Amino acid sequence: MKFLNDLERKYGKYAIHNLPAIIIALYAAGYLMLLFTPGILDYCTLEPALILRGQIWRIVTWVLVPPSGLDLFTIIMLYFYFSLGKVLEQTWGAFRFNVYIFSGLIFTVLGAFILFFVYGGNVIGIGYYFSTYYINMSIFLAFALSYPDMQVMLYFLIPIKMKWMGLIYAVLLLYDCIRGGWATRVAIIASLMNFLIFFLSTRNVQRYRPKEVHRRQEFKRKTEKIQPRSAIQHKCAVCGRTEKDGAHLEFRYCSKCDGNYEYCQDHLFTHQHIKKS
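Residues numbered from 1 in each chain as written. Predicted model: local features only at pLDDT ≥ 70, side-chain atom pairs only at ≥ 80, totals over all residues. Heavy atoms only, no water.

(A) View of the packing of helix α2 (residues 19-36) against helix α5 (residues 72-92). The geometry of α2 relative to α5 is characterised by a closest axis approach of 8 Å and an angle of 155 degrees between their N-to-C directions. With respect to their mutual orientation, α2 and α5 come out roughly antiparallel. Contacts between α2 and α5 pair L19, P20, A21, I24, Y27 and Y31 from the former with T74, L78, F82, G85, K86 and E89 from the latter. Tallied by class, the residues present in the contact of α2 with α5 amount to 8 nonpolar, 2 polar and 2 charged. (Axes fitted to C-alpha atoms, helices over the stretch in contact; angles between N-to-C directions. Helix = DSSP H or I, 4+ residues; strand = E, 2+ residues; numbered from the N terminus. Parallel < 35°, antiparallel > 145°, perpendicular 65-115°, else oblique. Contact = heavy atoms within 4.5 Å. Nonpolar A, V, L, I, M, F, W, Y, C, P; charged D, E, K, R; others polar.)

(B) Molecular detail of unusual backbone geometry. In this model, N18 sits at a positive phi of 60 degrees, which is unusual for a non-glycine residue. Inspection of the secondary structure puts N18 in the loop between α1 (2-11) and α2.

(C) The side chain of N194, seen in detail. Inspection of the secondary structure puts N194 in helix α9 (residues 182-201). Classification of N194 as buried rests on a relative accessible area of 2%. At 2.8 Å, the side chain of N194 and the backbone oxygen of Y100 are in polar contact. Apart from residues lying up to four places away in sequence, N194 is in contact with Y100, S103, G104, F107 and S138. (Buried < 20%, exposed > 50% of the residue type's maximum accessible area, 1.4 Å probe, protein only. Polar contact = N/O pair within 3.5 Å; in protein donor to acceptor, adjacent residues only side chain to side chain.)

(D) Looking closely at the environment of I135. Checked against the element boundaries, I135 lands in helix α7 (residues 133-146). Overall, the relative accessible area of 4% leaves I135 in the buried class. Excluding its chain neighbours within four sequence positions, the residues that come into contact with I135 are W62, G104, L105, T108 and S191.

(E) Examining the environment of A94 more closely. Within the element layout of this structure, A94 appears in helix α6 (residues 94-118). For the pair A94 and E8, spaced 86 residues apart in sequence, the C-alpha separation works out to 9.8 Å. Filtering out sequence-adjacent residues up to four positions away, A94 remains in contact with A15, I16, H17 and E89.

(F) Spatial organisation of the nonpolar core. In this structure, W92, Y100, I101, F140, L141 and Y169 are the most contacted members of the largest nonpolar core, which totals 55 residues. Among the secondary structure elements, those contributing two or more residues to this core are α2, α3 (48-51), α5, α6, α7, α8 (162-179) and α9. By residue number, the principal contributor to this core is α6, which donates 11 residues. For Y169, the contacting residues outside a window of four places in its chain are M77, Y81, M137, F140 and L141. (Core = buried A, V, L, I, M, F, W, Y, C linked by side-chain atoms within 4.5 Å.)

(G) Up close: the pattern of salt bridges. Per the stated rule, a full pass over the model turns up 4 salt bridges. Between R96 and E8 there is a salt bridge; the shortest N-O distance is 2.5 Å. Of this pair, R96 sits in helix α6 while E8 sits in helix α1, placing them 88 residues apart in sequence. Accessibility assignment for this pair places R96 and E8 in one class, buried. Residue R179 pairs with D176 through a salt bridge whose shortest N-O separation is 3.6 Å. Pair noted here: R179 and D176 are both in helix α8, with a separation of 3 residues, about one helical turn. On the basis of relative accessible area, D176 is assigned to the buried category, the value being 15%. (Salt bridge = Lys/Arg side-chain N within 4 Å of Asp/Glu carboxyl O.)

(H) Looking closely at a nonpolar patch on the surface. Among the surface-exposed residues, I106, L110, I114, V118, Y119 and W182 lie close enough to one another that they form a single nonpolar patch of about 680 Å² accessible area. The element that contributes the greatest number of residues to the nonpolar patch is α6, accounting for 4 residues. (Patch = residues over 30% accessible without salt bridge, like charges linked within 9 Å, V, L, I, M, F, W, Y side chains within 5 Å. Areas by Shrake-Rupley, 256 points an atom, 1.4 Å probe, with all protein chains shown as cover.)

Structure below.
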């Protein structure tokens, strides 16, 4: 993950914060469009044939197309995905979460064009298969892999651990791949490519447990009583941020690195360990 660390060091300040809320806001705009001008969504889908004919806005506007009709079930699921996304953003940091989501969007666009050219380059209707549904699924799978033992209340009623829900979702995806045609398979693979790449390349990512969060908060309160606030006491070895960059930042030394290297909470478990040998 050295490449990603270098990117974050250079461009982390440009990361979009509170991205899960922005995603929900885009869906809300899509539902309003569906309510007042339903036909306009036909001009927003990810349709490669029409994009190549000049309707280039479709490369972006397809994210406005909501997952399904607005009902109680959809509202519950959107709130569920929003909550998971917020936790992931806080755990990974805004930059890494941005990379995860935007790479999913980019891979989806590439998948649509690949399918378009495989079908001969003159097919309209591919946009029906490509949406943000499986990108939302990638958020869920990422959370299930990061917090497998966390228990959630499914539909606010059924207690279930995330690892079992992740397994159920994986089976459903496999079923969709087997049952669907190549268009469905390409849509699933393209949308989940971010999940595959991210977790294959970050196998050392560890979870933030409640006890660990509480321990860091206690340590912060104790050190603030001892150390003056005027001078810089902490600096992340990856992104260079200090305690002056935000009161929410927390810093720890890594016991696996050779030397006294300190990291913020976004990079304590995701940095590449420094070895002298």
